[in-house]
Amino acid sequence: MSVITVYEPVPNRVRSLVRIVAATGPLGRDDLTAHLMPGPQPKRDQVGNIIREAVHLRLLVETDNRGVELAEGIRPRDVANDEWFAAFLERALFARPLDEGDENRSVSFATAWLLTRPATPEFDWRSDLAKAMREDMEGGDIYDVTNVDRSAMLAYWVRFTGYGEALSWDGRTFLVPDPTRAIARQLGDLLPAGMTVAVPRFLEGLAHRMPVLESGVVRTQVEARLRRKRDPATLSPATSLALLRLELRGFIVMRDESDAEPRLLDLAADGTRRVTHISSPRIRA
């Protein structure tokens, strides 16, 4: 089981559960059920599914004598910080992608596939992603995304961890592949204020920390299955969009120098943009 194959543990429910535990201390399942889903008919099985996934994500631990409590090293004040929470869940889902024992490893691969798609609102929240995956890739593995409900669960987690955005239009909600927020979280370490790095080095650092992006261990396996291959010198539309948005927001500055190795941003109908270096402003916007 994973966070996309079980339908109760959407990100907001997991966050609510962990915040309850952080505020009250260790609780038994019945008490947690009463807090999380109060009412005359307690939904113990549903709460149990949320608890199980929170334990798998290493947010909580459960023991016979103490009940459910925060995992070692997690402080109540951390749980109250939304940015910390999103960053923790991103690491929990994507940092161990090749661990065969990780029940959430399929989330990494499904996300990596999504980030190879156009950075447009082509999929609504309950699209049949399995059909698109089979059309895109050789081989039969569609990473547990076998129906529209699992597609929706993937969309929730992709958005929550910063690898996609929701776009509402004409009464429908679409998922747009866009890792802007996820990349922004890495800039403080990869690109300190005032630093300039060559684009290949910057992308190598991102791939190490974010294996679902270009050259990351997950993305490499996914792209090997694609029927239509990406030019290695050209970034995907989703990564290109993210870098452009970060530049427009003043987080980075992208330059093109004639004597350096370039990468091309895919600007869809506007063609490509050549970039060789990425800098961080001395004072971030």
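This is a predicted model, so every value here is computed, not measured. (Residues numbered from 1 in each chain as written. Predicted model: local features only at pLDDT ≥ 70, side-chain atom pairs only at ≥ 80, totals over all residues. Heavy atoms only, no water.)

Visitor: Any chance you could break down the side chain of Thr276 for me, citing the residues and the numbers?
Guide: You can see Thr276 is positioned in the loop between β9 (272-275) and β10 (277-279). Residues in contact with Thr276, not counting those within four places in the same chain, are Val197, Ala198, Val199, Pro200, Arg255, Asp256, Glu257, Ala260, Glu261 and Pro262. (Helix = DSSP H or I, 4+ residues; strand = E, 2+ residues; numbered from the N terminus. Contact = heavy atoms within 4.5 Å.)

Visitor: Summarise the pattern of salt bridges; cite the residues concerned and give the values.
Guide: Counting across every chain of the model gives 24 salt bridges. Among the ionic pairs, Arg181 bridges to Glu165, the shortest N-O distance being 2.6 Å. With a gap of 16 residues between them, Arg181 in helix α9 (residues 180-190) and Glu165 in strand β4 (residues 164-169) connect regions that are remote in the sequence. Under the relative-accessibility criterion, Arg181 is labelled partly exposed at 30%. (Salt bridge = Lys/Arg side-chain N within 4 Å of Asp/Glu carboxyl O. Buried < 20%, exposed > 50% of the residue type's maximum accessible area, 1.4 Å probe, protein only.)

Visitor: Can you tell me about the confidence of the model for the chain, naming the residues and giving the values?
Guide: Mean pLDDT over the chain works out to 92, with 96% of the residues at or above the 70 mark. Between the elements of the chain, mean pLDDT differs from a low of 87, seen in helix α2 (residues 29-36), to a high of 97, seen in helix α12 (residues 237-248). (pLDDT = per-residue confidence, 0-100.)

Visitor: Help me get a handle on the packing of aromatic side chains, residues and values and all.
Guide: Taken as a whole and judged by the stated rule, the model has eight aromatic pairs. Relative to Phe88, the ring of Trp84 has its centre 5.1 Å away and its plane inclined at 25°; by these criteria the two rings are stacked. In this pair, Trp84 and Phe88 both sit in helix α5 (residues 82-94), four residues apart, roughly one turn of the helix. Here the aromatic rings of Phe94 and Tyr163 are separated by 5.0 Å at their centres, their planes lie at 80°, and the arrangement is edge-to-face. Taken as a pair, Phe94 in helix α5 and Tyr163 in the loop between α8 (148-160) and β4 lie far apart in primary sequence, 69 residues in all. (Phe/Tyr/Trp six-rings, centres within 6.5 Å; stacked < 30°, edge-to-face > 60°.)

Visitor: Lay out the pairing of β4 with the relevant residues and their values.
Guide: In this structure, β4 lies alongside strand β5 (residues 172-177), joined through six bridges in antiparallel fashion. If you follow Ala166 over to β5, its bridge partner there is Leu175. Linkage of β4 to β5, two consecutive antiparallel strands, is achieved through a turn of two residues, within which Asp170 is found at a positive phi near 55°. (Pairing = 2+ DSSP bridges.)

Visitor: Could you give an account of helix α3 (residues 44-56), naming the residues involved and the relevant values?
Guide: In a regular helix each residue adds 1.5 Å, so 13 residues correspond to 18 Å; α3 covers 18 Å between its end C-alpha atoms and thus fits that length. Within α3 the residues assigned to the buried category are Val47, Gly48, Asn49, Ile50, Ile51, Glu53 and Ala54. In this structure, the buried residues of α3 make contact with α1 (11-24), α2, β1 (60-63) and β2 (67-70). A positive phi of about 70° marks Arg58, the residue just after α3. (Expected span 1.5 Å × (residues − 1).)

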